[in-house]
Amino acid sequence: MTLLDVKNLDKRYASGGRTVTALDGVSLTLSAGETLGLAGASGSGKSTLARVLTRLVPADAGTVRFGGEDWLALSGGELRRRRSRMQMVFQDVLGAFNPRATVGSVIEDPLRIHDIVPKAERGREVAALLDRVGLPAAYAARSIRDVSGGQRQRIAIARAIASRPAMIVLDEAVSALDVSLREKVLELLVALQEERGIAYLFVSHDLAVLAAVSHRIAIMDAGRIVESGPAVEVIGNPQSSAARALVGAVPRLIGQEDRNAV
Ligand SMILES: Nc1ncnc2c1ncn2[C@@H]1O[C@H](COP(=O)(O)OP(=O)(O)O)[C@@H](O)[C@H]1O
Ligand SMILES: [Mg+2]
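Residues numbered from 1 in each chain as written. Chains lettered and ligands numbered in written order. Predicted model: local features only at pLDDT ≥ 70, side-chain atom pairs only at ≥ 80, totals over all residues. Heavy atoms only, no water.

Draft legend 1. Spatial organisation of the overall build of the protein. Within the protein, the secondary structure is distributed over 9 helices and 10 strands. Its C-alpha atoms give the protein a radius of gyration of 18 Å, near enough to 18 Å, the size a compact globule of 262 residues would have. In terms of overall dimensions, the protein has a C-alpha envelope of 55 × 45 × 40 Å along the principal axes. Taking all 262 residues of the protein together, 48% fall into the buried category. Long-range contacts, defined here as pairs at least 24 residues apart, represent 68% of the contacts in the protein between residues at least 6 apart. Only carbon and sulfur atoms are counted for the fraction: they give 48% of the accessible area of the protein, which is about 12,200 Å². The protein carries 33 positive and 29 negative side-chain charges, and their two centres are separated by 6 Å. (Helix = DSSP H or I, 4+ residues; strand = E, 2+ residues; numbered from the N terminus. Rg over C-alpha atoms; globule rule 2.2 N^0.38 Å. Buried < 20%, exposed > 50% of the residue type's maximum accessible area, 1.4 Å probe, protein only. Contact = heavy atoms within 4.5 Å. Areas by Shrake-Rupley, 256 points an atom, 1.4 Å probe, with all protein chains shown as cover. Lys, Arg positive; Asp, Glu negative; His and termini not counted. Charge placed at Lys NZ, Arg CZ, Asp CG, Glu CD.)

Next comes the structure, spelled out in structure tokens:
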């Protein structure tokens, strides 16, 4: 079932008297429970696409249907309510938070805002979410600045799944983590997807990360999607120069596992 259907998105930024075309006719689809990996060199427009889809910046043109609705037409209270369905995890999503916020309040916010569980059950739900991402319930009382980078990404994931979304946009969500932590967080994300049927748009400049989690991969270059297909095909037989450059940067990709294989 198609969850997300993006057609011909354009986005330009005015910057220092000139215009930067960040998205140039981007189209893609994502099915329920599927992971689309989005790769591309720095500046190719990946984060802009993530921000347009999560309604953090407006598009100049194009359409987005999400869960059967005209997603870009939603506004006000309607948009606030529907945001529960599409969540996001950024490279340092919690860097934007009040450093004095507690871990518990960060995870509880979406439960309250979207009225996911009755007030009396929120503490228990926060504990269950912490447990699900592999952290002790006692972490709820900690200050967000007193947890490590890896723990912080787990907390960001707990926050993202708290509102029971159909889709999560992850923008370089594991890029700041060292390799062993990164693998654990990727395993957690794959397990959560299998449990809950969440679709991921997984943005990374690193094809090795995408190879581990993606069903399909799309390659961006200068604001356009220049190639897309099953992950093994794009990685095993890249057609565009942009894809070949990314594959060439990660020689250990050869022999990767195929998430589509049974
Ligand atoms: N707020 C902004 N103002 C002006 N230009 C921007 C802004 N955000 C991104 N850009 C430009 O848009 C292009 C795409 O950037 P971005 O979406 O961040 O790419 P990526 O995430 O693939 O590195 C780049 O040329 C970048 O400099
Ligand atoms: Mg980016």
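Draft legend 2. Representation of the site of ligand 1 in the model. Neighbouring residues of ligand 1: Tyr13, Ser15, Val20, Ala22, Ala41, Ser42, Gly43, Ser44, Gly45, Lys46, Ser47 and Thr48. Lys46 is positioned with one of its side-chain polar atoms (N or O) 2.8 Å from an oxygen atom of ligand 1. Measuring from an oxygen atom of ligand 1, one finds a side-chain N or O atom of Thr48 at 2.5 Å. Here ligand 1, which alone exposes 560 Å², has 64% of that area covered by the protein. Put simply, the parts of the chain that give the shell around ligand 1 at least two residues each are strand E1 (2–15), strand E2 (18–31) and helix H1 (46–53). (Near = heavy atom within 4 Å. Polar contact = N/O pair within 3.5 Å; in protein donor to acceptor, adjacent residues only side chain to side chain.)

Draft legend 3. Expanded view of the environment of Phe202. Relative to the elements of secondary structure, Phe202 occurs in strand E8 (residues 199–203). Between the alpha carbons of Phe202 and Glu172 there is a distance of 7.7 Å; along the sequence they are 30 residues apart. Excluding its chain neighbours within four sequence positions, the residues that come into contact with Phe202 are Thr35, Leu36, Gly37, Leu38, Leu170, Leu186, Leu189, Val209, Leu210 and Val213.

Draft legend 4. Quick look at the packing of helix H3 (residues 103–113) against helix H4 (residues 122–132). The geometry of H3 relative to H4 is characterised by a closest axis approach of 10 Å and an angle of 115° between their N-to-C directions. Compared by their axis directions, H3 and H4 come out roughly perpendicular. Note that H3 runs across H4; the crossing there is right-handed. Listed contacts from H4 to Val103, Gly104, Ile107, Glu108, Leu111 and Arg112 of H3 are Arg122, Glu125, Val126, Leu129 and Leu130. Tallied by class, the residues present in the contact of H3 with H4 amount to 6 nonpolar, 1 polar and 4 charged. (Axes fitted to C-alpha atoms, helices over the stretch in contact; angles between N-to-C directions. Parallel < 35°, antiparallel > 145°, perpendicular 65-115°, else oblique. Left-handed = near helix turned anticlockwise from the far one by under 90°. Nonpolar A, V, L, I, M, F, W, Y, C, P; charged D, E, K, R; others polar.)

Draft legend 5. Highlighting the layout of surface pockets. Considered as a void within the structure, the second largest pocket measures approximately 330 Å³ in volume. Along the wall of the second largest pocket there are 16 residues; nearest its centre are Arg83, Gln87, Met88, His114 and Arg159. Sorting the residues of the lining of the second largest pocket by element identifies strand E6 (86–90), H3 and helix H5 (149–162) as the ones contributing at least two each. Looking at the lining of the second largest pocket element by element, the count peaks at 4 residues for E6. By residue class, the composition of the lining of the second largest pocket is 11 nonpolar, 2 polar and 3 charged. (1 Å grid on protein atoms, 1.4 Å probe; cavity = no way out; pocket = protein on both sides within 12 Å on 5 of 7 lines; lining within 4 Å. Points joined across faces, edges and corners; volume = space filled by probe spheres on them.)

Draft legend 6. Spatial organisation of helix H9 (residues 241–248). Regarding H9, the residues found buried are Ala242, Ala243, Leu246 and Val247. Taken end-on, H9 shows its buried residues confined to a sector of 130°, consistent with a single buried face. Across H9 from its buried face, at more than 90 degrees, point the exposed residues Ser241, Ala245 and Gly248. Next to the buried residues of H9 lie strand E3 (35–40), helix H7 (207–213), strand E9 (216–221), strand E10 (224–230) and helix H8 (231–236). (Arc of directions from axis to C-beta.)

These values are about where atoms sit, not about what they do.
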